[in-house]
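Descriptive analysis of the structure
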Amino acid sequence: MAQDHSQHQHTPAPTPAPTPTPSEPQEPPAGSIRIRLPTRNAPPPADHSAMDHSQMDHSAMTANLPASGPPPRAFDGPAHAAAAIWGEEAMEVARARNHEIHGGGTYATLLVERAEARFHDGEEGYLWDAQGWYGDALDKLVVKTEGEGSFDGPIEEAEVQLLWGHAITPWFDLQAGLRLDVKPDVTPQLALGVQGLAPYNIHVDAAAFLSDRGDVTARIEAEHDMRLTQRLILQPRVEAEFSAQDIPELGVGAGLPHLSAGLRLRYEIAREFAPYVGVEYEAATGRTADLRRAAGEDASGIALLVGVRTFF
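The structure contained in this document is the topic of the report that follows. Every chain's residues receive numbers from 1 upward, in the order its sequence appears when written. In keeping with the model being predicted, local features are shown solely for residues with a pLDDT of at least 70 and side-chain atom pairs are shown and tallied solely at 80 or more, while totals for entire chains, interfaces and linings include all residues. Computation of side-chain values covers all heavy atoms of the structure but excludes hydrogens and water.

All right, on to the pairing of strand E8 (residues 216-224) then. Residue alternation in E8 divides its side chains into a buried set, Thr217, Arg219, Glu221 and Glu223, and an unburied set, Val216, Ala218, Ile220, Ala222 and His224. The pairing of strand E7 (residues 202-211) with E8 spans nine bridges and is antiparallel. Bridging across to E8, histidine 203 finds its partner in glutamate 223. We call two strands paired when DSSP finds no fewer than two bridges between them. In this description a helix means any DSSP run of H or I spanning at least four residues, a strand means any run of E spanning at least two, and both kinds are numbered starting from the N terminus. Between E7 and E8, which pair antiparallel and follow one another directly, the connecting turn spans four residues, one of which, glycine 214, has a positive phi of 90°. Strand direction decides the pairing type here: E8 and strand E10 (residues 232-243), joined by seven bridges, are antiparallel. Its bridge partner lying in E10, glutamate 223 is registered against arginine 237. The rule is simple: take the accessible area with a 1.4 Å probe, protein chains only, and divide by the maximum for that residue type; under 20% is buried, over 50% is exposed, in between is partly exposed.

Encoded structure:
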């Protein structure tokens, strides 16, 4: 369609403002900040792309660097310089508040690491493994419990531990306290161990126990979370038990009476709730295996697992 441009309004171009006459530079007032702006006639930046840096001698650039650490005069000032302005009393309150916010708080957590059904050779059983703690980053009260049994029978093994935990490194806590075996016999024991995060993100829980009858045993557990996706996690886990002597009433022989290794694949519906499936191999070794065979039990086997991991 043809357009009639004769009816268009044409706004005249604005008249350029006169260029101001440069005046003599003046010194800025005292206390002001001088900012140097680039000028139109500034030369373009130099092009160093063609320079051969391999032929340059940089030894003079590092000759005067200090060997290590800050110079001694850096420590001549006060330990808390802000106290010179705000006062030592006010800064003590501020430092205490800062410590409380960054690691000085008190926390409580309940973690159900394993709550699972186990299927082995037509038998159906269950197992639980949980712990909770209350305290701060350095000291806490820890309660642990674990046990197992069959769906068509009573609880076979059950224990409760009451421990005090103290941080001995940023990654490990020393734990000491009492362990009470409820099943198969009521047996009080002293407990001493460590729990924490080893290199390569391996969670370790190791402890030694001394019963009121003088029996010395130990147990170590290790597991590692391999995150396949943001919600799907594969967890290898191994557990080993040790005994310094035969304990006939428990069917335990000296040495390495129990060893297990398994894989659990869990899906985090939420971070606090993750069902899983898995498989685990369990074996009794040495004299313990002989005692189980004599009692008509299997010394080893593979179990299929279905369970859930949760925390509050």
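Here the focus is helix H2 (residues 88-101). Taking 1.5 Å of rise per residue, the 14 residues of H2 would be expected to cover 20 Å, and the 20 Å separating its terminal C-alpha atoms lies within 8% of that figure. Backbone geometry just downstream of H2 places glycine 103 in the positive-phi region, at approximately 110°. Expected helix span is taken as 1.5 Å per residue step, with the number of steps being one fewer than the number of residues.

Residues Phe119, Met226, Leu228, Leu263, Leu265, Val277, Val279, Tyr281, Ile302, Leu304 and Val306 make up a contiguous nonpolar surface patch of about 930 Å² in total accessible area. Those elements giving two or more residues to the nonpolar patch turn out to be strand E11 (255-267), strand E12 (273-283) and strand E13 (300-311). Along the chain, leucine 228 falls in the loop between strand E9 (226-227) and E10. Residues form patches when they are more than 30% accessible in relative terms and have no salt bridge. Like charges link within 9 Å. Nonpolar side chains (Val, Leu, Ile, Met, Phe, Trp, Tyr) link within 5 Å. Residue burial considers only the protein chains on display, and all accessible areas are found by Shrake-Rupley using a 1.4 Å probe. Only one rule defines a salt bridge in this text: a Lys or Arg side-chain nitrogen within 4 Å of an Asp or Glu carboxyl oxygen.

For the rest of this paragraph, the subject is the nonpolar core. Buried residues of nine kinds, namely Ala, Val, Leu, Ile, Met, Phe, Trp, Tyr and Cys, make up a nonpolar core once their side-chain atoms join them within 4.5 Å. Core analysis: the largest hydrophobic core is formed by five residues, namely Val142, Leu163, Ala191, Ala207 and Phe209. Those residues in contact with valine 142, other than ones at most four positions away along the chain, are Gln131, Gly132, Trp133, Gln161, Leu162, Leu163 and Gln175. By definition, residues are in contact when any of their heavy atoms lie within 4.5 Å.

As a further point, take the environment of glycine 307. Following the sequence through the fold, glycine 307 ends up in strand E13. When the C-alpha atoms of glycine 307 and arginine 266 are compared, they prove to be 8.9 Å apart, with 41 residues separating the residues in sequence. Beyond its immediate stretch of four places on either side in the chain, glycine 307 contacts Ala115, Glu116, Pro275 and Tyr276.

Take the packing of aromatic side chains next. Aromatic rings from Phe, Tyr and Trp, taking only the six-membered ring of Trp, are treated as a pair when their centres fall within 6.5 Å; an angle between ring planes under 30 degrees marks them as stacked, one over 60 as edge-to-face, and anything in between as tilted. Taken as a whole, this structure holds two aromatic pairs when the rule is applied. Here the aromatic rings of tyrosine 126 and tryptophan 128 are separated by 6.5 Å at their centres, their planes lie at 15°, and the arrangement is stacked. Summarising the aromatic geometry, the rings of tyrosine 126 and phenylalanine 151 are spaced 5.4 Å apart at their centres and angled 50° between planes, so their arrangement reads as tilted. Taken together, the residues span a long stretch of sequence, with tyrosine 126 in strand E2 (residues 123-135) and phenylalanine 151 in the loop between strand E3 (139-150) and strand E4 (155-167) at a distance of 25 residues. Taken together, the ring pairs in this structure connect Tyr126, Trp128 and Phe151 into an aromatic cluster. Whether a charge sits over a ring depends on NZ of Lys or CZ of Arg being within 6 Å of the ring centre and within 35 degrees of the ring normal. If you follow arginine 179 out to its NZ or CZ, it ends over the ring of phenylalanine 209, 4.4 Å from the centre.

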